[in-house]
Amino acid sequence: MQNPFRDGGPLEIAMGLLGLLLSIALLWKGIQMAQNGNSWWWPLTAGVMVVLSLHGLYRRRRAKRQSSP
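To start, this report covers the structure provided alongside it. These figures come from a predicted structure and were not determined experimentally. (Residues numbered from 1 in each chain as written. Predicted model: local features only at pLDDT ≥ 70, side-chain atom pairs only at ≥ 80, totals over all residues. Heavy atoms only, no water.)

In this section: the side chain of Ser53. The topology assignment puts Ser53 in helix H2 (residues 41-67). Taking relative accessible area as the criterion, Ser53 reaches 18% and is therefore assigned buried. Setting aside anything within four residues of it in sequence, one finds Ser53 in contact with Gly19, Leu20 and Ser23. (Helix = DSSP H or I, 4+ residues; strand = E, 2+ residues; numbered from the N terminus. Buried < 20%, exposed > 50% of the residue type's maximum accessible area, 1.4 Å probe, protein only. Contact = heavy atoms within 4.5 Å.)

Printed below as a string of structure tokens:
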């Protein structure tokens, strides 16, 4: 049985996707809060988190594609 915590393992992939889902949920909630009169810093910060999560997933996928023969 392979180690699920290794680089490129299933848990590493799942953590990237969970981070993306969490940041999207925070963006959704931040937009709702801003519409109710709270600060626009919440959705702005959550949007940055979404972009960083997508960038991390893209880099991981690109590195995997380049390392395979």
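Further remarks concern the packing of helix H1 (residues 10-35) against H2. Two elements in contact, H1 and H2, have axes whose closest approach is 8 Å; the angle formed by their N-to-C orientations is 160°. Our classification of the angle between H1 and H2 gives roughly antiparallel. In the crossing of H1 with H2, the sense of the turn from one axis to the other is left-handed. Within the contact of H1 with H2, the residues separate by chemical class into 15 nonpolar, six polar and two charged. (Axes fitted to C-alpha atoms, helices over the stretch in contact; angles between N-to-C directions. Parallel < 35°, antiparallel > 145°, perpendicular 65-115°, else oblique. Left-handed = near helix turned anticlockwise from the far one by under 90°. Nonpolar A, V, L, I, M, F, W, Y, C, P; charged D, E, K, R; others polar.)

Before going further, it helps to spend a moment on a nonpolar patch on the surface. A cluster of nonpolar residues, Met15, Leu18 and Leu21, forms a patch on the protein surface that exposes about 340 Å² of accessible area. Position of Met15 among the secondary structure elements: in helix H1. By relative accessible area, which is 58% here, Met15 ends up exposed. (Patch = residues over 30% accessible without salt bridge, like charges linked within 9 Å, V, L, I, M, F, W, Y side chains within 5 Å. Areas by Shrake-Rupley, 256 points an atom, 1.4 Å probe, with all protein chains shown as cover. Salt bridge = Lys/Arg side-chain N within 4 Å of Asp/Glu carboxyl O.)

The next thing to look at is a positive patch on the surface. A cluster of basic residues, Arg59, Arg61, Arg62, Lys64 and Arg65, forms a positive patch on the protein surface. Residue Arg65 is classed as exposed on the basis of its relative accessible area of 56%. (Lys, Arg positive; Asp, Glu negative; His and termini not counted. Charge placed at Lys NZ, Arg CZ, Asp CG, Glu CD.)

Structurally, Glu12 is set in helix H1. With 48 residues separating them along the chain, Glu12 and Arg60 place their C-alpha atoms 9.8 Å apart.

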